[in-house]
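Descriptive structure summary
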Amino acid sequence: MNLIDLRSDTVTKPSPAMLEAMFKAPVGDDVYSEDPTVLELQAYGASLFGMEAGLFCPSGTMTNQIAIKLHTQPLTEVICERTSHVYLYEVGGIAFNSAASVHLIEGVRGKITAEQVAAAINPDNIHYPVTRLVSLENTANKGGGSFYTLPEIAAISEVCKQHGLALHLDGARVFNALTASGDAPETYSRYFDTISVCLSKGLGAPVGSLLLGPKPLIEQAKRVRKALGGGWRQAGYLAAAGLYALQHNIDRLQEDHDRAAQLGAALQAAPYVTEVMPVETNIIIFTLAPEVNNDRYLEFLKENGILASSFGPKQIRMVTHLDLTQEMVARLIQVVTSFKA
Ligand SMILES: *Cc1c(COP(=O)(O)O)cnc(C)c1O
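The model shown is predicted, which means the values in this text are computed figures rather than measured ones.

**Overview of the sheet that holds strand 13 (residues 315–319)**
The sheet built from four strands is open, its strands ordered 9-10-13-12 with antiparallel pairing. The sheet is open, and its two edges are formed by strand 9 (273–276) and strand 12 (309–310), each paired on a single side. Where strand 9 meets strand 10 (residues 283–288), three bridges bridge the pair, whose relative direction is antiparallel. Within strand 10, the residue paired with Val273 across the bridge is Leu288. In this fold helix 11 (residues 253–269) packs onto strand 9, strand 10 and strand 13, with an angle of close to 10° to the strand it touches most, strand 10.

**Let's talk about the nonpolar core**
General note: in soluble globular proteins, nonpolar side chains tend to be found buried as a group. Of all hydrophobic cores here, the largest spans 51 residues; its most connected members are Phe49, Val134, Ile156, Phe175 and Tyr188. Considering each element in turn, this core owes the most residues, seven residues, to helix 10 (residues 236–248). Discounting residues that sit within four places of it in the chain, Val134 has contacts with Ile79, Ile112, Val117, Ile156, Cys160, Leu165, Ala166, Leu167 and His168. Within the second largest apolar cluster, 29 residues are counted, among which are Leu267, Leu288, Leu332 and Phe339.

**Details of the pattern of salt bridges**
Applying the stated criterion across every chain yields a total of 11 salt bridges. Notably, a salt bridge pairs Asp30 with Arg225, separated by 3.2 Å at the nearest N-O pair. On the criterion of sequence distance, the pair formed by Asp30 in the loop between helix 1 (16–24) and helix 2 (36–48) and Arg225 in helix 9 (residues 215–227) is long-range, its members being 195 residues apart. Assessed through its relative accessible area of 1%, Arg225 is described here as buried. For the salt bridge of Lys111 with Glu152, the shortest nitrogen-to-oxygen distance reads 3.1 Å.

So, how was this worked out
- Residues numbered from 1 in each chain as written.
- Predicted model: local features only at pLDDT ≥ 70, side-chain atom pairs only at ≥ 80, totals over all residues.
- Heavy atoms only, no water.
- Pairing = 2+ DSSP bridges.
- Helix = DSSP H or I, 4+ residues; strand = E, 2+ residues; numbered from the N terminus.
- Contact = heavy atoms within 4.5 Å.
- Axes fitted to C-alpha atoms, helices over the stretch in contact; angles between N-to-C directions.
- Core = buried A, V, L, I, M, F, W, Y, C linked by side-chain atoms within 4.5 Å.
- Buried < 20%, exposed > 50% of the residue type's maximum accessible area, 1.4 Å probe, protein only.
- Salt bridge = Lys/Arg side-chain N within 4 Å of Asp/Glu carboxyl O.

Shown next as structure tokens:
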């Protein structure tokens, strides 16, 4: 029995075609900016979003943390949602790397509004850290893969411009957001100062994220990456996988969303599930009935060859991705439907 791993969309393995692209990649020393495949990936990623430049990094945590470092100083602060990855899942890196403060907003399914941002900006008063940066997450992981519409983003960007704040996008799953909203990636360059994009989530590359932004800022980002120990050498083998992912694996994301919706509907109908967050992209978060505990449910799934994640009290997360087949989805639905509380 093939294991069906829904813990994350990071569990995918490179396809034979992606591996072939990696094998064939021309490479050089990227610390000298001499790796042609890295340079190609950076330019291609930047051009997709209408940004000037890009920097290829090992992880989305690194691209987010570099961006925050560039936009802030000690005694300033970052506005973000309470459950955002930059705050909750990056080991307190904002304090560690940037010595900046965080101003948390309670959003709705991971999303915040322009009004909330405006209300969170500190007045010019010696007691307060200076508000410098707003960070949005799209899609929002803890929000069950919810996504921002362009008018919502434009309104937040307008508030940022009025108050001289930078706007960063944690776009670990930005292509899932764009697939769901139907927006073109290049529209984002009007609103965001920097964008972090993961190649190793729904796009199926083994490693890597891109930080996109204006040229002078990305040059500075390269220094920060070096200071973090992220200067790498013949990274072109990995960049080739990222390029392949951007060129072949975006169009198919709708398939992941359709499968997530099917699975969400099956869970909605299951008597042991009290709530399923609206399934907007490739993430399904649901709540178990009081008499079912997470460990017993996950153990049941595991006995049936399925892996999922515990995501909070009574909460389970499943994420669809490109290594699932339609047969697996059918088996999944059959197994989750057969659980008895
Ligand atoms: C995965 C993820 C990241 C970055 O994760 P890495 O594992 O460091 O690549 C950042 N933001 C969100 C919302 C994520 O889901």
